[in-house]
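Residue strings, one per chain:
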Amino acid sequence: MTEALLVSNVILWVLVVALGLVAVALTRQIGLLHERIAPVGALATSAGLDVGDDVPELALQTLDGAELQLAAQRTLLFFLSPTCPVCETILPTLKRIEREEASSLRIVLASDGDPEEHARFAREKQLDRSAYVLSQELGMRFEVAKLPYAVLIDGAGRVAAKGIVNTREHIESLFEAERLQVASIQEYLQQTDEIPMLELPRAGAES
Amino acid sequence: MDPAFSWILRGGLAALFAVAATHKLRDLETFGETLRAYQILGSGWVAPAGAALVLAELGVAIALVLSPDVRMGAAGAAVLLGLYSFGIGINLARGRRDIDCGCLGPSARSPLSGALLVRNGVLMFAAALAGLPTTSRALHPIDALTIGGGIVAAAFVFIAAQQLAALAPGLRGRRESA
């Protein structure tokens, strides 16, 4: 009897200690996961207009000849080039955002170069829903050095967020930055050490 | 109080203070910065107070295990924990949650929170229990397993709880902004 209790006790202690070890490992894993799911942000460059600056008034014309006012409404300005493969991978995301946010957001594609080539590109990629402008001055005013580059312009015609966008998450981080009223998600994470809740399906829907 | 239970408490607390002291000794500079960030001591007092705290932690750890009078080590542990809680409480009241609490060793930063006060409260309760007089039961060899297993299991639970508490501010941020 005593021997049986002793054996049981030894086994129980081994199990309790093992379970404690598992608990430590699990909580550690949760911590690692927590860090890993922190949002990635668009790489904001310091060049060009700062967040909060008024968007310059430029005489812009879309490919189909319509006049375009950048500051007229909330706009996602996306700089691309037909020869940039990463830009193409972002296009489906842009189309989805355009569909979902049609009431509150306009998407303007911007580039420069030969209008014929861009018209063909727009047809190929079925970009007919978005305004497509060719303007060297636009890229220069925003000091776009690398593509794909995006600028989110708020309803008051100011820069709400900007950065080099290589993935869908980068695009969404621009809307997050606007919602959280910070210049970039990186800045937010540095400020708080807290991880913002990403509201992906309705990014920016509040405004 | 059964001596085996008392030994688990004393051994666990001694291990905690010994680990805390080694963390601080290994990186005295970071500990000094942490202490300065609490903004309780004048700048001239930070270095001597830091050294005194490290020595006190080591002394408490040794006293808990070796002192013939268990009350000494237990009282020292409770006083140190009380001091830390006081520092944390003051800074929480000042609204300075963002400073590093210095509780998890030099490698991990962790903000101040009410959870730390709860943690210290639990540890102070354990110290009070450890200071109670023990019954004079002769220790059996099997008690070695009970004490050893108890200390190790308690340490794991403590580490796990600590890691969960360190996650809490981030998780709260998610809920608030949702």
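Preceding this paragraph is the structure being described.
Given the structure is predicted, the values throughout are model-derived calculations rather than measurements. (Residues numbered from 1 in each chain as written. Chains lettered and ligands numbered in written order. Predicted model: local features only at pLDDT ≥ 70, side-chain atom pairs only at ≥ 80, totals over all residues. Heavy atoms only, no water.)

K.L.:
Report on the state of the cysteines, specifying residues and quantitative values.
P.N.:
Residues and elements named next belong to chain A. Enumeration over the complete set of coordinates arrives at one disulfide over all chains. Note on cysteine connectivity: Cys 84 is disulfide-linked to Cys 87, with sulfurs 2.1 Å apart. When the S-S torsion is 95°, as for the bridge of Cys 84 with Cys 87, the disulfide is right-handed. Owing to a relative accessible area of 10%, Cys 84 belongs among the buried residues under this scheme. (Disulfide = S-S within 2.5 Å. Buried < 20%, exposed > 50% of the residue type's maximum accessible area, 1.4 Å probe, protein only.)

K.L.:
Give a description of the side chain of B:Asp143 that names residues and reports values.
P.N.:
Secondary-structure assignment places B:Asp143 in helix 6 (residues 141-177). Beyond its immediate chain neighbours, meaning those up to four positions away, B:Asp143 contacts B:Ala4, B:Arg137 and B:Ala138. (Helix = DSSP H or I, 4+ residues; strand = E, 2+ residues; numbered from the N terminus. Contact = heavy atoms within 4.5 Å.)

K.L.:
Mind laying out the pairing of strand 4 (residues 106-111) of chain A, listing which residues take part and the relevant values?
P.N.:
Residues and elements named next belong to chain A. For strand 4, the buried fraction is high: six of the six residues fall into the buried class. Neither face of strand 4 is exposed, since Arg 106, Val 108 and Ala 110 on one face and Ile 107, Leu 109 and Ser 111 on the opposite face are all buried. Alignment of strand 3 (residues 75-79) against strand 4, held across five bridges, turns out to be parallel. Looking at strand 4, one finds that Thr 75 is bridged to Arg 106. On the question of chirality, the crossover connecting strand 3 to the parallel strand 4 by way of helix 2 (residues 85-100) is right-handed. (Pairing = 2+ DSSP bridges. Right-handed = clockwise from strand over helix to strand, strands pointing away.)

K.L.:
Mind laying out the packing of helix 1 (residues 3-26) of chain B against helix 5 (residues 114-130) of chain B, listing which residues take part and the relevant values?
P.N.:
Residue and element names in this part refer to chain B. Here helix 1 crosses helix 5 at 130°, and the two axes come no closer than 9 Å. If you check the angle between helix 1 and helix 5, you find them oblique. Seen from above, helix 1 lies across helix 5 with left-handed handedness. Here helix 1 contributes Phe 5, Ser 6, Leu 9, Arg 10, Leu 13 and Leu 16 to the contact with helix 5, which in turn contributes Leu 123, Ala 126, Ala 127, Leu 129 and Ala 130. (Axes fitted to C-alpha atoms, helices over the stretch in contact; angles between N-to-C directions. Parallel < 35°, antiparallel > 145°, perpendicular 65-115°, else oblique. Left-handed = near helix turned anticlockwise from the far one by under 90°.)

K.L.:
Could you give an account of the environment of A:Gln73, naming the residues involved and the relevant values?
P.N.:
Residue and element names in this part refer to chain A. Examined against the element boundaries, Gln 73 turns out to sit in the loop between strand 2 (67-68) and strand 3. Along the chain, Gln 73 and Gly 155 lie 82 residues apart, while their C-alpha atoms are 4.9 Å from each other. Beyond its immediate sequence surroundings of up to four residues, Gln 73 is in contact with Arg 106, Ile 153, Asp 154 and Gly 155.

K.L.:
Break down the packing of aromatic side chains for me, citing the residues and quoting the values.
P.N.:
Scanning the model with the defined rule gives one aromatic pair over all chains in all. Aromatic pair A:Phe79 and A:Tyr149: ring centres 6.2 Å apart, planes at 65°, arrangement edge-to-face. Of the two residues, A:Phe79 is situated in strand 3 and A:Tyr149 in strand 6 (residues 149-153); the sequence distance between them amounts to 70 residues. Neither A:Phe79 nor A:Tyr149 differs from the other in exposure class; each is buried. Above the face of the B:Trp7 ring, B:Arg10 is positioned so that its terminal group lies 4.0 Å from the ring centre. (Phe/Tyr/Trp six-rings, centres within 6.5 Å; stacked < 30°, edge-to-face > 60°. Lys NZ or Arg CZ within 6 Å of the ring centre and 35° of its normal.)

K.L.:
Any chance you could break down a nonpolar patch on the surface for me, citing the residues and the numbers?
P.N.:
Residues and elements named next belong to chain A. On the surface, Val 7, Ile 11, Leu 12 and Leu 15 cluster together into a nonpolar patch covering about 360 Å² of accessible area. The residue Val 7 is located in helix 1 (residues 2-36) in this model. Given a relative accessible area of 44%, Val 7 falls into the partly exposed group. (Patch = residues over 30% accessible without salt bridge, like charges linked within 9 Å, V, L, I, M, F, W, Y side chains within 5 Å. Areas by Shrake-Rupley, 256 points an atom, 1.4 Å probe, with all protein chains shown as cover. Salt bridge = Lys/Arg side-chain N within 4 Å of Asp/Glu carboxyl O.)

K.L.:
Run through the environment of B:Gly95, naming residues and quoting values.
P.N.:
Looking at the element boundaries, B:Gly95 is found in the loop between helix 4 (70-93) and helix 5. C-alpha of B:Gly95 to C-alpha of B:Leu112: the two residues are 17 residues apart in sequence and 9.7 Å apart in space.

K.L.:
Describe in detail the side chain of B:Lys24, supporting the description with residues and values.
P.N.:
Inspection of the secondary structure puts B:Lys24 in helix 1. If we skip the residues at most four places from it in the chain, B:Lys24 touches B:Phe31, B:Val54, B:Glu57 and B:Tyr84.

K.L.:
Help me get a handle on unusual backbone geometry, residues and values and all.
P.N.:
What is expected of a backbone is that most residues other than glycine have negative phi and most peptide bonds are trans. Not every positive phi belongs to a glycine, and B:Gln39 is a case in point at roughly 50°. Relative to the helices and strands, B:Gln39 is located in the loop between helix 2 (28-37) and helix 3 (46-66).

K.L.:
So what about the nonpolar core? Which residues, and what values?
P.N.:
Of all hydrophobic cores here, the largest spans 27 residues; its most connected members are A:Leu76, A:Phe78, A:Leu80, A:Leu94, A:Leu109 and A:Ile171. Elements that contribute at least two residues to this core include exactly strand 3, helix 2, strand 4, helix 3 (115-124), strand 6, strand 7 (159-164) and helix 5 (168-179) of chain A. Core analysis: the second largest hydrophobic core is formed by 21 residues, B:Ala49, B:Leu64, B:Leu80 and B:Ala127 among them. (Core = buried A, V, L, I, M, F, W, Y, C linked by side-chain atoms within 4.5 Å.)

K.L.:
I'd love a proper account of the sheet that holds strand 5 (residues 131-134) of chain A, names of residues and values included.
P.N.:
All names here are of chain A. In spatial order, the strands read 5-4-3-6-7; together these five strands make up an open sheet with mixed pairing. With one partner strand each, in any of the chains shown, strand 5 and strand 7 form the two edges of the open sheet. Within the sheet, the average angular offset between the axes of one strand and its neighbour, ignoring direction, is 20°. Sitting on the sheet, helix 3 is in contact with strand 4 and strand 5, with an inclination near 160° to strand 5. Sitting on the sheet, helix 5 touches strand 3, strand 6 and strand 7, and the angle it makes with strand 7 is about 155°.

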